[in-house]
Amino acid sequence: MSKTFETNFIWHNGSIVPWQEAKVHVMTNGLHYGTGVFEGIRAYWNGKQLYVFRLQDHVNRFFNSIKIYDFGIDFTKDQISEGIKETLRKNELKTDVYIRPLAVKGYGPIGLDVRKLKTEVFIITMPYGRYFEKEGIEVLVSSWRRISSQTLPVIAKVTGHYSNSVLAKLDALNKGFDDAILLNEEGKVCEGTGENIMMVKDGVIYTPPISAGILDGITRRSIMEFAPDLGLKVVEKDIDRGELYTADELFFVGTAAEVTPILKVDGRQIGDGRVGPVSKKLKEYFFSITQGKVDKYLKWLEAVW
């Protein structure tokens, strides 16, 4: 992962401010109760142009998350989209970038009634490399279960939801693994700590359905759409834990993780223990798309400059 986090400017409530001035008060409700919504978006530099990948889809999901929690926001989708591009231009970022729109319930009294609290909105842009340093990773199946959609609306990217992922991630790291796979409350495979998961068996790609309690990942959606271009079939189905061990290939997909092969699960080698041909093919095509080299998917790219 890129270790360069600080850039010069952050967008805050419609204005570009210096990085050091993008602050909230210690009494901000989001700090106390996790009442925040965020997005993770990538922009890719191809040497001539910076392209934001599926900007409108991410902004739509950002607003859907806000709507689910009924937070309210003083900005339109177009204003947030333009704010993202404005911040990228202001920071003069000509490299691969991670973008974090964040909306949190702001300063107010202790308590859960957030109806009258202002929603503070930030847009952070930073240089960003690979989420996982390794070409292929080793994971465990966590003893922590993914929160149920009957408990919290998991289709919303809410800050407080990710305490569930933190527990699983730390458990994995402390045991020498790179990440974790969480099962849902029915014991079916759900997703990673911040990624969707895909499995290859006999040439077919399988991925848990939305009904399994996963986040509706935009990278996942993209792969489901472009996989047929490569002669690959994607099927949504519930996956049992045991199926992971006998998969030909496994890989995480997500904005941060992009396409990351999983080489071992719970110490068991997946396939031949190397990056498989399907994940390799998908990864190469994905990066061709993000670089603006595939005309069919230029619709997914928004130029910044």
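Structure's up top.
Residues numbered from 1 in each chain as written. Predicted model: local features only at pLDDT ≥ 70, side-chain atom pairs only at ≥ 80, totals over all residues. Heavy atoms only, no water.

## Describing the overall build of the protein
Stage number 1. From N to C terminus, the protein includes seven helices and 17 strands.
Stage number 2. For 305 residues, the compact-globule formula gives about 19 Å, and the C-alpha radius of gyration of the protein, at 19 Å, lands near that figure.
Stage number 3. Going through the 305 residues of the protein one by one, you find that 53% of them count as buried.
Stage number 4. Taking the contacts inside the protein whose residues are at least 6 apart along the sequence as the reference set, 71% of them involve residues at least 24 apart.
Stage number 5. In the form shown here, the protein has an accessible surface area of approximately 13,900 Å², with 51% of it arising from carbon and sulfur atoms. (Helix = DSSP H or I, 4+ residues; strand = E, 2+ residues; numbered from the N terminus. Rg over C-alpha atoms; globule rule 2.2 N^0.38 Å. Buried < 20%, exposed > 50% of the residue type's maximum accessible area, 1.4 Å probe, protein only. Contact = heavy atoms within 4.5 Å. Areas by Shrake-Rupley, 256 points an atom, 1.4 Å probe, with all protein chains shown as cover.)

## Concerning a nonpolar patch on the surface
Stage number 1. There is a patch of nonpolar side chains on the surface, built from Tyr33, Ile110 and Leu112 and spanning about 340 Å² of accessible area.
Stage number 2. Structurally, leucine 112 is set in the loop between strand E6 (97–105) and strand E7 (119–127). (Patch = residues over 30% accessible without salt bridge, like charges linked within 9 Å, V, L, I, M, F, W, Y side chains within 5 Å. Salt bridge = Lys/Arg side-chain N within 4 Å of Asp/Glu carboxyl O.)

## Description of the side chain of glutamine 291
Stage number 1. Considering the arrangement of structural elements, one finds glutamine 291 in the loop between helix H7 (277–290) and strand E17 (301–303).
Stage number 2. Beyond its immediate sequence surroundings of up to four residues, glutamine 291 is in contact with Tyr44, Trp45, Asn46 and Tyr51.

## Quick look at the packing of helix H2 (residues 55–69) against helix H3 (residues 77–90)
Stage number 1. Put simply, H2 and H3 touch, their axes get as near as 10 Å, and they point 125° apart. When the interaxial angle is binned, H2 and H3 end up oblique. For the crossing formed where H2 meets H3, the hand is right-handed. Where H2 approaches H3, its residues Leu55, Gln56, Val59, Asn60 and Phe63 are matched on the opposing element by Lys77, Ile80, Ser81, Ile84 and Lys85.
Stage number 2. Classifying every residue of the contact of H2 with H3 gives five nonpolar, three polar and two charged. (Axes fitted to C-alpha atoms, helices over the stretch in contact; angles between N-to-C directions. Parallel < 35°, antiparallel > 145°, perpendicular 65-115°, else oblique. Left-handed = near helix turned anticlockwise from the far one by under 90°. Nonpolar A, V, L, I, M, F, W, Y, C, P; charged D, E, K, R; others polar.)

## Quick notes on the pairing of strand E14 (residues 249–254)
Stage number 1. Within E14, six of the six residues are buried, leaving the element largely enclosed by the surrounding structure.
Stage number 2. What you see with E14 is no split at all: Glu249, Phe251 and Val253 on one side and Leu250, Phe252 and Gly254 on the other are buried throughout.
Stage number 3. Two elements, strand E11 (residues 196–201) and E14, share five bridges in a ladder whose sense is antiparallel. Across the sheet, methionine 198 pairs through a bridge with phenylalanine 251, a residue of E14.
Stage number 4. The pairing of E14 with strand E15 (residues 258–265) spans five bridges and is classified as antiparallel. Looking across to E15, one finds that glycine 254 is bridged to glutamate 258.
Stage number 5. Counted between consecutive antiparallel strands, the loop separating E14 from E15 contains three residues. (Pairing = 2+ DSSP bridges.)

## Remarks on the packing of helix H5 (residues 218–226) against H7
Stage number 1. Look at H5 against H7: their axes get within 11 Å of each other, and the N-to-C directions meet at 105°. Classified by the angle their axes make, H5 and H7 are roughly perpendicular. Contacts between H5 and H7 involve Thr219, Ile223 and Phe226 on the former and, on the latter, Leu282, Tyr285, Phe286 and Ile289.
Stage number 2. Counted by class, the contact of H5 with H7 contains six nonpolar, one polar and no charged residues.

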